[in-house]
Amino acid sequence: MTVLELAKRYIATRINVRRTTKNSYVTVINYLKTEDMGAVQIEDVRVSDAKLWLIYLQQEKGKSYSTINSIKSVLKPAFQMAIDDDILIKNPFAFPLSDVIINDVHSREALTVKQMNRFLEFIENDEHYSKYYEGMYILFHTGLRISEFCGLTVKDISFKEHTIHVTHQLRYIGNTGFYIEKTKTKSGLRDIPMTPDVEDCFRNILEKRTIRKPEPTVDGRKGFLFFDSRGNIMCHTNWERYFRNAVGKYNRTHKVHLPPITPHICRHTYCTLMAESGMNPKILQYLMGHANITVTLNVYTHVNYSNVKKEVKRITKTKQP
């Protein structure tokens, strides 16, 4: 059995996976078809072979850390399957990737309150980008994933309960189109309280909402909130482009530049600011839809001396008679 054949066999056992994962599997298989490693017999692959191949992918082929990690995330369990089937006795891909190649994935940095407000003020007053102001404001002030945000429908916004009901995601893949998917985890199913300012943004969105006839429907759902100039439902790629271009325009007209901003930076900023405000970690975990408290607590570790100084001062005050 070759490495390619083993990978195909492993993927054939993975039937209950999301469409995005299936798409990733296709990419890995297509890549293995072009690589010499794909044709190697599995019993001939040594640990050093695996390591040197991954180093080659990064240094010679220019593949990113995340791409190589996707390849390894298929091959490691595939070889483990061969071990479980008593075909092999050792897994050549059972090593930490970060021990072998350079992690070129840049950590996401949250914006400061000052940066966020500067950006939103610019958007609100810009002749072109002001039409995206409410959407960007909501992303900064709710912590919604961009796929959850794009999937919101009129029925998901309850002004009576002052609540956003998060029940699904809107996904888009080039060769598939739009489709509805469950939330990322079961914890993603949640109700997010709307503050008055967020509620006002949704009211403005609904007032300005124009749709083509017949109204676009995805997997039986309709009533989506955002449409582009051609009447198509907006997805993550639209908002990523709006943020990127808006930051570019801001930096061309201001001496003090803003860092790159993406929808996920908005989410990370919300989480960080809530943590810095002293919000209970379990409450923040719920609002973010994190399945594991560790993911939420990682935000609390992103502190600097200023954060430490403020916290010590706050605790000292509470202990004073």
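Residues numbered from 1 in each chain as written. Predicted model: local features only at pLDDT ≥ 70, side-chain atom pairs only at ≥ 80, totals over all residues. Heavy atoms only, no water.

### Some words on the environment of Leu 258
- The residue Leu 258 is located in the loop between helix H9 (236-253) and helix H10 (263-276) in this model.
- Put simply, Leu 258 and Met 116 are 142 residues apart on the chain and 9.2 Å apart in space, counted from C-alpha to C-alpha.
- Here Leu 258 is in contact with Gln 115, Arg 118, Phe 119, Val 247, Tyr 250 and Asn 251, once residues within four sequence places are set aside. (Helix = DSSP H or I, 4+ residues; strand = E, 2+ residues; numbered from the N terminus. Contact = heavy atoms within 4.5 Å.)

### Structural notes on the side chain of Thr 142
- Along the chain, the position of Thr 142 falls in helix H6 (residues 133-142).
- Looking at Thr 142, its side chain comes within polar contact range of the main-chain oxygen of Ile 138, at 2.7 Å.
- Polar side-chain contacts of Thr 142 include one of 3.4 Å to the backbone nitrogen of Leu 144.
- Sequence-distant contacts of Thr 142, defined by excluding residues within four places in its chain, comprise Ile 164, Ile 192, Val 198 and Tyr 270. (Polar contact = N/O pair within 3.5 Å; in protein donor to acceptor, adjacent residues only side chain to side chain.)

### Examining the sheet that holds strand S1 (residues 157-158)
- Strands sit in the order S1-S2-S5 across an open sheet of three strands; the sheet is antiparallel. The open sheet has two edge strands, S1 and strand S5 (190-193), and neither has a second partner.
- Sheet topology note: the strand S2 (residues 163-166)/S5 ladder contains four bridges and is antiparallel. Each residue of the ladder has a partner; that of Thr 163, found in S5, is Pro 193. (Pairing = 2+ DSSP bridges.)

### Observations concerning the packing of aromatic side chains
- On inspection of all chains with the given rule, the structure shows 15 aromatic pairs.
- Ring geometry for Tyr 129 versus Tyr 132: centroids 6.3 Å apart, planes at 50 degrees, classification tilted. Per residue, the accessibility class of Tyr 129 equals that of Tyr 132, and both read buried.
- Centre to centre, the rings of Tyr 132 and Trp 239 are 6.0 Å apart; their planes meet at 75 degrees, and the pair counts as edge-to-face. You can see Tyr 132 sitting in the loop between helix H5 (113-125) and H6 and its partner Trp 239 sitting in helix H9, a full 107 residues away along the chain.
- Among the aromatic side chains, those forming a connected cluster through ring pairs are Tyr 129, Tyr 132, Phe 149, Phe 226, Trp 239 and Tyr 242.
- The ring of Phe 95 has Lys 51 lying over it, and the distance from NZ or CZ to the ring centre is 5.4 Å. (Phe/Tyr/Trp six-rings, centres within 6.5 Å; stacked < 30°, edge-to-face > 60°. Buried < 20%, exposed > 50% of the residue type's maximum accessible area, 1.4 Å probe, protein only. Lys NZ or Arg CZ within 6 Å of the ring centre and 35° of its normal.)

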